Amino acid sequence: MSGPLSGIRVVDFARVLAGPLCARTLQDLGAEVIKIEPPSPDVSRFAFPSTDGMSGYYAQQNAGKRNVSINLNIPGAYDLALKLCDSADIVVENFRAGTLGFFGLDYETLSKRNPRLIYASITGYGQGGPWRSRMAYAPTVQAEAGFTENSVRHYGDALTEPRTDALSHADVYAGLQAVIAILAAVNSRHKTGQGQYIDVAMAATLLAVNERAHIDLSDDDIGAEPAVLGATDCSFFVGPNGEQFTVAMSIIGSRTFPAWMRAMRRVDLADDPRFSSAAARRLNYGALHAIIQSWILTFPDMARLDAQLDEAKIAMGEVRSIKELTKSDWSEYWGAVQLVSDRSGGEYRLPGRPWNFSKEVLTPIGSPAFQGEHNREVFRELGVSEPELQRLADTGALVMHKRALEPEIAMKPKADPGEAA
């Protein structure tokens, strides 16, 4: 592996999203990641669409990781896990609090053998306290942490029934916060020579990343005003050629409405009683929106509209699908999509990295592994003999998916669109 974390080994006990994303991000930065999968495999392998133990969901969070599968209920498997953790710089796990401790793989046990170990646990509500044993999935933690209520309150009458977001913010943000804490602990270890334990709570993460939390935690009543420098009441409009777009500046707010008057050259709107205050503009939102929409349609194209909005410091963005974004010139420039083998001759189109380094070349993502694919390779490197590896496989201590024994099928080359059929 190449990258700023080259030479760091991560043992990834995690499954589904928060922990695997944390370990995958460390891998993207150059760390070597070995995923330990239980006999009952990571359920993300079966996310639709999936084929024979592999799915795009699994690949997105785990491509490039080496994979070993151990049944900790079989004699000999525990020693393999200890041997692997002895070689690790970092352990990542996102089981319910205390689960790995039941198997003797908690931080206290492992750090006695490996004092430099950095061990990060991601749970819904932390390792202690009254909620430590609760199940935690993104939709439920988002509900508990004010995220869902905030969205429902924001959309108000636009929703006919309560809805939560389609994306797993609690998992993703917690995984990234774990990365931040791990990198801080790596830096601390450079100075002290000692590792440490990191406890990451999804609920606390959602509070920390909520830039509007200060409003909800205060007794202030801002009435009809949208929160400035927070999530605004972003209006949607239709562009000159039918493009749908949104803006990052409320047409209601007292501090933002003047920017719209400047953009439209309509300072007279300040004297219209329908638009004289935030409360009045909210009450007459439809009329104000119609005025702005009519002005937008006077432009010949989006480029010239964007230039005039930019002059007034109003940011705009077209509503695009992910596919539309990845077909853009920006996507090609950034390398926003990477092609990864699906292990069956096809490919997954997965997100690229969110950063570029001036002095580091990051290793391509690599292929997703089948369950137990690297059992022999990894433990052979740690000194386990071939006869012992075979014995452990025969007893079921080591688990392997049938496809792990097959050679990788190369991605089929794409046909040249210029060739005749």
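Worth saying up front: this structure is predicted, and the values here are computed from it rather than measured.

## Some words on the overall build of the protein chain
Line of reasoning, step 1. Scanning the protein chain for helices and strands turns up 18 helices and 13 strands.
Line of reasoning, step 2. Burial statistics for the protein chain: of 421 residues in total, 44% are counted as buried.
Line of reasoning, step 3. When the accessible surface of the protein chain is totalled, it reaches about 22000 Å², and 56% of it is carbon and sulfur.
Line of reasoning, step 4. A distance of 3 Å separates the average location of the 42 positive side-chain charges in the protein chain from that of its 51 negative side-chain charges.

## What about the sheet that holds strand E11 (residues 316-318)?
Line of reasoning, step 1. Strand order in this open sheet of three strands is E9-E10-E11, and the pairing throughout is antiparallel. With partners counted over all chains shown, the strands left at the sheet margins are strand E9 (236-238) and E11, one partner each. For this sheet, the mean angle separating the axes of adjacent strands, direction not counted, is 35 degrees.
Line of reasoning, step 2. Looking at chain direction, E9 and strand E10 (residues 244-247) are connected through three bridges and run antiparallel. In the strand pairing of E10, Phe236 is matched with Thr246.

## Description of helix H13 (residues 285-296)
Line of reasoning, step 1. For H13, built from twelve residues, the straight-helix expectation of 16 Å at 1.5 Å per residue is met to within 8% by its first-to-last C-alpha distance of 16 Å.
Line of reasoning, step 2. Every buried residue of H13 is listed here: Leu288, His289, Ile292, Gln293, Trp295 and Ile296. Projected onto a plane normal to the axis of H13, the buried residues spread over an arc of 160 degrees and lie on a single side.
Line of reasoning, step 3. Considering only its buried residues, H13 is in contact with E9, E10, helix H11 (257-264), helix H12 (278-283) and helix H14 (302-311).

## Brief notes about the packing of aromatic side chains
Line of reasoning, step 1. Per the stated rule, a full pass over the model turns up eleven aromatic pairs.
Line of reasoning, step 2. Between Tyr107 and Tyr119, the ring centres sit 6.1 Å apart and the planes meet at 75 degrees, which makes this aromatic pair edge-to-face. One end of the pair, Tyr107, is in helix H5 (residues 107-113); the other, Tyr119, is in strand E7 (residues 118-123), and twelve residues separate them in sequence. In this pair, the class of Tyr107 matches that of Tyr119, namely buried.
Line of reasoning, step 3. Relative to Trp260, the ring of Phe237 has its centre 5.9 Å away and its plane inclined at 50 degrees; by these criteria the two rings are tilted. Of this pair, Phe237 sits in strand E9 while Trp260 sits in helix H11, and the two are 23 residues apart along the sequence. Assigned by exposure class, Phe237 and Trp260 land together as buried.
Line of reasoning, step 4. Taken together, Tyr107, Tyr119 and Tyr197 form an aromatic cluster joined through their ring pairs.
Line of reasoning, step 5. Positioned above the aromatic ring of Trp131 is the side chain of Arg134, whose terminal nitrogen or guanidinium carbon lies 4.8 Å from the ring centre.

## Some thoughts on the environment of Gly53
Line of reasoning, step 1. Following the sequence through the fold, Gly53 ends up in the loop between strand E3 (50-51) and strand E4 (54-55).
Line of reasoning, step 2. For Gly53 and Trp295, which are 242 residues apart along the polypeptide, the C-alpha to C-alpha distance reads 54 Å.
Line of reasoning, step 3. Residues in contact with Gly53, not counting those within four places in the same chain, are Arg45, Phe370 and His401.

## Digging into the sheet that holds strand E5 (residues 66-69)
Within a sheet, adjacent strands bond to each other through the backbone by hydrogen bonds, running parallel or antiparallel.
Line of reasoning, step 1. The sheet built from six strands is open, its strands ordered E5-E2-E1-E6-E7-E8 with parallel pairing. Every interior strand has two partners, whereas the edge strands, E5 and strand E8 (197-201), have only one. In this sheet, neighbouring strand axes are inclined to one another by 20 degrees on average, regardless of whether the strands run parallel or antiparallel.
Line of reasoning, step 2. In this structure, strand E2 (residues 32-37) lies alongside E5, joined through four bridges in parallel fashion. Bridge pairing in E5 links Glu37 to Ser69.
Line of reasoning, step 3. Helix-sheet contacts for helix H8 (residues 169-192) involve strand E6 (90-93), E7 and E8, and the interaxial angle to E7 is about 160 degrees.

## As for the side chain of Asn94
Line of reasoning, step 1. Among the secondary structure elements, Asn94 is positioned in the loop between E6 and helix H4 (99-102).
Line of reasoning, step 2. Setting aside chain neighbours within four positions, we find Asn94 in contact with Ala14, Arg15, Ala18, Gly19, Pro20 and Ile122.

## Section: unusual backbone geometry
Line of reasoning, step 1. Pro49 follows Phe48 through a cis peptide bond whose omega is -10 degrees.
Line of reasoning, step 2. Tracing the backbone shows Pro49 in the loop between E2 and E3.
Line of reasoning, step 3. Backbone geometry places Val16, a non-glycine residue, at a positive phi of 70 degrees.

Cut-offs used in this document
Residues numbered from 1 in each chain as written. Predicted model: local features only at pLDDT ≥ 70, side-chain atom pairs only at ≥ 80, totals over all residues. Heavy atoms only, no water. Helix = DSSP H or I, 4+ residues; strand = E, 2+ residues; numbered from the N terminus. Buried < 20%, exposed > 50% of the residue type's maximum accessible area, 1.4 Å probe, protein only. Areas by Shrake-Rupley, 256 points an atom, 1.4 Å probe, with all protein chains shown as cover. Lys, Arg positive; Asp, Glu negative; His and termini not counted. Charge placed at Lys NZ, Arg CZ, Asp CG, Glu CD. Pairing = 2+ DSSP bridges. Axes fitted to C-alpha atoms, helices over the stretch in contact; angles between N-to-C directions. Expected span 1.5 Å × (residues − 1). Arc of directions from axis to C-beta. Contact = heavy atoms within 4.5 Å. Phe/Tyr/Trp six-rings, centres within 6.5 Å; stacked < 30°, edge-to-face > 60°. Lys NZ or Arg CZ within 6 Å of the ring centre and 35° of its normal.

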